[in-house]
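Listed below, chain by chain, are the residues.
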Amino acid sequence: MSDVGSDEFDDERSKLGEYEGDRNEAGERHGVGKAELPNGDVYQGRYEKGSRHGQGTYRFKNGARYVGDYCLNKKHGQGAFYYPDGSKYEGSWVEDLRQGHGVYTYPNRDTYDGEWLHHVRHGQGTYHYSETGSVYKGSWVNGEMGSAGEYIFSNHRYKGNFVQNAPRGLGKYVFNTGCEQHGEYHQAEQDRAEDELGELASPATLKWIPTCVTGLTLWPLGGETQSNSSEEGAES
């Protein structure tokens, strides 16, 4: 190992905190070590050429904790993040962001199991509501229910298209009794003027317009053949 003057270690300590562990010949943190950072955070795990790299545990002074993979000082790979409010995320990370597949458990015990992009729900995923037992399965767009989805209740389910967390357009209710009600969700008339002013319609203002009741029918991936283009991809 090369000689490194004590003044260099003092300068490192003031910038990067106290460190105990392995170093390479250049004096860089390399291998397994533990660092107590100036802001009170603590990291214990693997280093490579001075950066957190590989498996490690990072404890934040606010009580949060990350256990998992690092690459060049960023959370990258598989890891679990435990938040101070009791929520946690277990899954894939890309450059400090939730990305790929992961499971998030919220403080109220709701869970989301699915795809993430740039730290938000995006792609295919399932959200389980702990209090009611209801489940949404389907597509997510920038953190919101969007495109094709299925909302499952205790004795029925709704299949159709969603826009900004609300059903919109063609869909159907499937009842456990063995029948279906087909129809379409429309925005109430009084809210169309509001939309023109740039305001969003509340889900409470949507109106369900039934068209027919049938026995159970198939709703294949990609939507029903008789539906128009707005219903393409009607179910995940």
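A quick note: this is a predicted structure, and the numbers were derived from the prediction, not measured.

## Notes on the overall build of the protein
For the protein, the helix and strand inventory stands at two helices and 16 strands. In the protein, 16% of the contacts between residues at least 6 apart in sequence involve partners at least 24 apart. A total accessible area of about 13300 Å² is found for the protein, and carbon and sulfur atoms account for 49% of it.

## Some thoughts on the pattern of salt bridges
Under the definition given, this model contains four salt bridges. In this structure, the salt-bridge partner of D96 is K75, at a minimum N-O distance of 3.2 Å. Here D96 is found in the loop between β7 (88-94) and β8 (97-105), whereas its partner K75 is found in strand β6 (residues 74-82), with 21 residues between them in sequence. Residue K75 is classed as buried on the basis of its relative accessible area, which comes to 12%. A salt bridge links K88 to E90; the shortest N-O distance between them is 3.7 Å. We classify K88 as partly exposed; its relative accessible area is 27%.

## Side note on the packing of aromatic side chains
For the coordinates displayed, the defined rule picks out 34 aromatic pairs. Judged by centre distance (5.6 Å) and plane angle (85°), the ring pair of Y66 and W93 falls under edge-to-face. Here W93 lies in strand β7 and Y66 lies in strand β5 (residues 65-71), a separation of 27 residues in the sequence. Seen from their ring centres, Y173 and F175 are 6.4 Å apart, and the 25° between their planes marks the pair as stacked. Here Y173 falls in the buried class, since its relative accessible area comes to 17%.

## A look at the environment of E131
Mapping E131 onto the fold places it in the loop between β10 (120-128) and β11 (135-141). Between the alpha carbons of E131 and D110 there is a distance of 7.9 Å; along the sequence they are 21 residues apart.

## Comments concerning the pairing of strand β2 (residues 29-36)
With five bridges connecting them, strand β1 (residues 18-23) and β2 associate as antiparallel partners. Residue pairing in the sheet places Y19 in a bridge with A35 of β2. The antiparallel pairing of β1 with β2 creates a hairpin that spans five residues between the two strands, and G27 there sits at a positive phi of about 85°. Bridging between β2 and strand β3 (residues 42-48) involves six bridges; their strand directions are antiparallel. Bridging across to β3, G33 finds its partner in G45. Between β2 and β3, which pair antiparallel and follow one another directly, the connecting turn spans five residues, one of which, G40, has a positive phi of 100°.

## Some details on the side chain of R29
By the element assignment, R29 lies in strand β2. On the basis of relative accessible area, R29 is assigned to the buried category, the value being 5%. Among the polar contacts listed, one links the side chain of R29 to the backbone oxygen of G17, at a separation of 3.3 Å.

## Focus: unusual backbone geometry
Phi at K49 is positive, roughly 50°, even though this residue is not glycine. Summarising the element assignment, K49 is placed in the loop between β3 and β4 (51-59). Here K49 falls in the exposed class, since its relative accessible area comes to 58%.

Calculation rules
Residues numbered from 1 in each chain as written. Predicted model: local features only at pLDDT ≥ 70, side-chain atom pairs only at ≥ 80, totals over all residues. Heavy atoms only, no water. Helix = DSSP H or I, 4+ residues; strand = E, 2+ residues; numbered from the N terminus. Contact = heavy atoms within 4.5 Å. Areas by Shrake-Rupley, 256 points an atom, 1.4 Å probe, with all protein chains shown as cover. Salt bridge = Lys/Arg side-chain N within 4 Å of Asp/Glu carboxyl O. Buried < 20%, exposed > 50% of the residue type's maximum accessible area, 1.4 Å probe, protein only. Phe/Tyr/Trp six-rings, centres within 6.5 Å; stacked < 30°, edge-to-face > 60°. Pairing = 2+ DSSP bridges. Polar contact = N/O pair within 3.5 Å; in protein donor to acceptor, adjacent residues only side chain to side chain.

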